[in-house]
Amino acid sequence: MSTNPKTSGRKPNRLIHETSPYLQQHAWNPVDWFPWGEEALGLARSRNRLIFLSIGYSSCHWCHVMEQESFENPEIARLLNEHFISIKVDREERPDIDAVYMEALQRMAGHGGWPLNVWLTPEQIPVFAGTYFPPSDLHGRPGFASVIRRLADLYHREPDQVHRQAREIHKALEHDLYDHLSPGKITRGLLDRAVQVYAHAYDEEFGGFSNAPKFPTSMGIGFLLKYSRQPGSDQALNMALASLEKMIRGGIYDQVGGGFHRYSTDQEWQVPHFEKMLYDNALLITSLAEAGLISGRPIFKEAVDETIRFLNREMRHPDGGYFSALDADSEGEEGKFYTYTDDELQRILDKDTFALVADYYGVGPAGNWNGVSILHRTTTLRKLAGRYKTPVEELEHRLEIAKKKILEYRNKRPRPGRDDKMITSWNALMLIALCRSTQLLGRDPADALRLGTYLAKHTLRDDTLYRITGPKGSSKQPAFLDDYALLADGFSRLFEITGEYLWLSRSLRLARMMLDQFYDQDKATFRYTSKNQRQLILETRDVFDHALPGGISAAITTLYRTGHLAGIPEWTHIAVKAMEPLSETAASHALAFGYLLQNMHAHCYPGREIVIVSNRPDTSAAAQKMVAIWREKFEPSSYLVVLPADIAQRNSGLQQASSGEAAFTKLYDDKVARNNKTTAYVCRNFSCRAPATTPEAFRTEMESSH
C-alpha cells in the first residue's frame, strides 16, 4: 500500500476522486496518475507523449509489490511524469480495456499476468508491454527505471519507428476469431470428446486438471457433473467428485473460516495463493451443490454451507450485495492472516484438543510452509475415529469447537484488505449459486432474495445497467455483456425458486436489452461492449471461459434458458446459432469452454419443465415431497418452478411490466392447484402430462415420461 499521506506531506493525484478501491490505493503515489478517460487521452495527443498504462486489481499481490517498489519511488515517478501520460485502470472495473492490452502482451511476450504494464502511442496503440518489473536491473532482467528511460529516448529519437512498430502490432491484433469458424452441428459426440480432453489433463493422484499452479476449474467440473447423469459416465463423475473433495481437504480451502482461496501454488492443493475472490466461491458453490445432490455425500453440502457463511460474514454489504475480494496479504506478508504457528495453537487450545487438531490438520513444530502451518485435512474422520477409538460424531463436535476458538483468535488479527466494490456480474454469479443451492440442497431462499432485491434496486438506473455499485456509490461505467447475461440468468433462477413473475419479467427485460446492445447479427454472436459505448482500438469479444464465464457463453446460456422458461423459441434459436460455430473448438479445447459446454449439454440432453403449484410452498409437506422426488430423479437441464396457487401472488409487483415482458404469464396461469391440493405438472416445451396431485402420482409421471 501507499505511504500514509498524513506523514508524507504529498497532495493526492487525480485517482483520489475515483470509486475503485484499487485506484484509491494509488491516489497518494507521486506518479501523476490519470484515470482512463478523455482528459488523459486528449492530453497524450496534444503533447504527443506516449501513454504509460498500468492495469491491475486490488487483491493482486505483485501489483502491491510494484506500487511499493516503483510507483512510490520519487525518481521513477519523476521519470514517468516527465516523459509519459500515466493512466491507472482497475481491470475488474474495465475488463474491456484489460482484454485489448492483455492480448497485446500475450502476442509480444507469449504470456500474460498482472500488473499489466503497457506503453501506448497517443492513439492508444501498444508498442511495448510487460508484467512485473523490479525497480532496477536485476539478474539480467531490465528494471523499470531502465525500461522507462529507453522507451522515452527511443520515442524522442525515432518516433517514426515507434509508430511503424505500433501499426504492425495493431494489424496483428485486428482479427476476429469468428472469421475463422464455421457453424457445425452440436452433437453428443462433441461432448464425449470434451470429456476425454478433461480425462487427458486429469491429475489421477491429486485431482484437478493441471500441474502447479492449479486452479479450481469449477465450470469444467460443472460440465462433468452434468455429463455424469448419462449412463456409463462414471469417469466424468469420479473426476469431478475427486477434484472437489481434494480441494475441500486441501489448503486452498479455508479449514477454519470456510471459503476458497484463488488457486494452489502446488500440485497437491496444499499451498494457496491466499486472496479470496467472490466469483471463485460463487462458481464453486454451484458445482458443490450439484455434487452434493448427485453423490449424496455430506462433505459437499457442508462446504456449501461453510462457504456461504464465510461470504455472508466477511464479504456481504448490509444491504445484501457482495464485495469483490479479500487480499492475500496482511501486515505486509502473504497468508499471515490464515496461517498458524505450533505455539499459537497450543495457547488457544487445551492439550487434548491441540493434539487432535494437529493430527487432523497437519500441524507440526516446524510448520508446513515457511515455518507456519497451513491447515489441511491429512486423513478422514472415519480413519481418525478408528485411531482414537472415538465415535466420528464426537470427533466432529470437538473439531467444530476447536475451529470456533481458532476463528475467534484469528479475527483479532489485522485483516487482509477488502475490495468493497460490488461487481454486477460477480454478484449475479453469487445469485445463481444461492438459487441453485436452494433448489438442489433445500437451503433457505432468504439469502438469494436479499441479493436479488439489492441487485434489482442498485444496478439499473434510467434504463442503463451499471457494472459497479459500492459503499462509495455506483461507478459511471455502463455494464458489459457478462453483466447483462449473468444478471438476467440470476433473476430467472429467482423466479424458479419463488414463483414470482416479477423476477422473470426482470430477467426478460435485461435479455432484451442485451440483444439490442450487444448482439452482432451479421456474425450471429455477441460483442463484449455495448454499441452505445465509446469503442477502443479493437472491438472485443469475450469468447473463452477461464476464471469467469466468457460473455458469449453467458449470453448463450441466458437466452437458451429464458427462451425455455418464457416460451420464446426465437431466443433459443439465437443461442443455438451462436453456439454452433464454437462447438468444435469447445470440444477440442474443453478446458477453456467449461461454461459453454454446460449449455451444449443442455441442448443435447434437454430437460423437462416441472411446475409445482402449492398454496404454501414453504410449509406444504406434499410440495416438499415432490421437490425431493425431483432431486432424486435429477436432470441437470430440467427446470423446476414452484408457484404459489394464488395467481395474484405470482403477479405481485408485475404491474409495471410491459405487455411483451408479461406475455410469458399465459404459460403458467393455467397451472393451478387442482381440488385445492398441491399439484405438479411434468412438461416438455410446455406440453404437459396429466396433473399429479399426490407425491406418488408425481413420481409415476416423472418415471413414465423420462
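Here we summarise the structure given alongside this text. (Residues numbered from 1 in each chain as written. Predicted model: local features only at pLDDT ≥ 70, side-chain atom pairs only at ≥ 80, totals over all residues. Heavy atoms only, no water.)

**What about the packing of helix H25 (residues 621-632) against helix H29 (residues 695-704)?**
Between H25 and H29, whose axes approach to 9 Å, the crossing angle comes to 25 degrees. For the element pair H25 / H29, the angle class is roughly parallel. The handedness of the crossing between H25 and H29 is right-handed. For the pair formed by H25 and H29, the contact residues are Ala622, Lys625, Met626, Ile629, Trp630 and Glu632 on the first element and Pro695, Phe698, Arg699 and Met702 on the second. (Axes fitted to C-alpha atoms, helices over the stretch in contact; angles between N-to-C directions. Helix = DSSP H or I, 4+ residues; strand = E, 2+ residues; numbered from the N terminus. Parallel < 35°, antiparallel > 145°, perpendicular 65-115°, else oblique. Left-handed = near helix turned anticlockwise from the far one by under 90°. Contact = heavy atoms within 4.5 Å.)

**Considering the pattern of salt bridges**
In this structure the tally under the stated criterion is 52 salt bridges. With its nearest N and O atoms 2.5 Å apart, the salt bridge here joins Asp32 to Arg14. Of this pair, Asp32 sits in the loop between helix H2 (21-25) and strand E1 (33-35) while Arg14 sits in the loop between helix H1 (5-8) and H2, placing them 18 residues apart in sequence. One salt bridge connects Arg467 with Asp483, and the closest N-O pair in it is separated by 2.9 Å. In this pair, Arg467 sits in the loop between strand E15 (464-465) and strand E16 (468-469) while Asp483 sits in helix H20 (residues 481-498), placing the two residues 16 residues apart along the sequence. Exposure class is identical for Arg467 and Asp483. Each is buried. Within the structure, one salt-bridge network assembled from shared partners comprises Lys301, Asp305, Arg316, Arg443 and Asp447. (Salt bridge = Lys/Arg side-chain N within 4 Å of Asp/Glu carboxyl O. Buried < 20%, exposed > 50% of the residue type's maximum accessible area, 1.4 Å probe, protein only.)

**Structural notes on the sheet that holds strand E9 (residues 325-326)**
Two orientations exist for strands paired in a sheet by backbone hydrogen bonds: parallel and antiparallel. Spatial ordering of the open sheet is given by E8-E9-E12, a layout of three strands whose pairing is antiparallel. Either end of the sheet is taken by a strand with one partner, and the two such strands are strand E8 (276-277) and strand E12 (418-419). As defined by bridge partners, E9 adjoins E12 across two bridges and the pair is classed as antiparallel. Directly across from Leu326, in E12, lies its bridge partner Arg418. (Pairing = 2+ DSSP bridges.)

**Description of the environment of Leu596**
As for its position among the elements, Leu596 is in helix H24 (residues 594-604). Judged by relative accessible area, Leu596 falls into the buried class, the value being 0%. Sequence-wise, Leu596 and Ala242 are 354 residues apart; in three dimensions their C-alpha atoms are separated by 22 Å.

**Topic: empty space enclosed by the protein**
Under the counting rule described, the total for this entry stands at four cavities of 30 Å³ or more. Estimated volume of the largest cavity: approximately 440 Å³. As for the largest cavity, its lining consists of 26 residues, of which Lys226, Arg493, Thr557, Arg561 and Gln598 are closest to the centre. Those elements that place two or more of their residues in the lining of the largest cavity are helix H10 (218-227), helix H12 (278-295), helix H18 (424-441), helix H22 (551-566) and H24. By residue class, the composition of the lining of the largest cavity is 10 nonpolar, 11 polar and five charged. Taken as a whole, the second largest cavity encloses approximately 80 Å³ of empty space. What lines the second largest cavity is a set of 13 residues, among which Tyr253, Asp254, Gln255, Tyr338 and Leu375 lie closest to the centre. When the residues that make up the lining of the second largest cavity are grouped by side-chain class, the tally is eight nonpolar, three polar and two charged. (1 Å grid on protein atoms, 1.4 Å probe; cavity = no way out; pocket = protein on both sides within 12 Å on 5 of 7 lines; lining within 4 Å. Points joined across faces, edges and corners; volume = space filled by probe spheres on them. Nonpolar A, V, L, I, M, F, W, Y, C, P; charged D, E, K, R; others polar.)

**Remarks on the pairing of strand E19 (residues 609-614)**
Within E19, six of the six residues are buried, leaving the element largely enclosed by the surrounding structure. Residues Glu609, Val611 and Val613 line one face of E19 and the alternating positions Ile610, Ile612 and Ser614 line the opposite face, and both faces are buried. Pairing analysis gives six bridges linking E19 to strand E20 (residues 639-644), with the strands arranged parallel. When the bridges of E20 are listed, Val613 appears paired with Leu643.

**Structural notes on the nonpolar core**
By size, the foremost hydrophobic cluster in this structure holds 162 residues, and its most contacted members are Phe526, Leu597 and Tyr668. With residues up to four places along the chain from it excluded, the contact list for Leu597 reads Leu191, Ala194, Tyr198, Phe223, Ala586 and Ala590. Residues Val31, Ala77, Leu80 and Ile125 belong to the second largest nonpolar core, which totals 33 residues. (Core = buried A, V, L, I, M, F, W, Y, C linked by side-chain atoms within 4.5 Å.)

**Notes on the state of the cysteines**
Per the counting criterion, the structure on display carries two disulfides. Covalently, Cys60 is tied to Cys63 through a disulfide, its sulfur atoms 2.3 Å apart. Here the disulfide of Cys60 and Cys63 is right-handed, its torsion about the S-S bond being about 80 degrees. Exposure remark for Cys63: the relative accessible area of 2% places this residue in the buried category. Through a disulfide, Cys683 is tied to Cys688; the S-S separation comes to 2.0 Å. Taking the torsion about the sulfur-sulfur bond, which here is approximately 95 degrees, the covalent link between Cys683 and Cys688 counts as right-handed. (Disulfide = S-S within 2.5 Å.)

**A word on the side chain of Ser233**
Structurally, the position occupied by Ser233 is in the loop between H10 and helix H11 (234-249). The exposure class assigned to Ser233 is buried, which follows from its relative accessible area of 5%. For Ser233, the side chain forms a polar contact with the main-chain oxygen of Gln230, separated by 2.4 Å. Once you skip the residues sitting within four places of it in the chain, Ser233 turns out to touch Tyr227 and Ser228. (Polar contact = N/O pair within 3.5 Å; in protein donor to acceptor, adjacent residues only side chain to side chain.)

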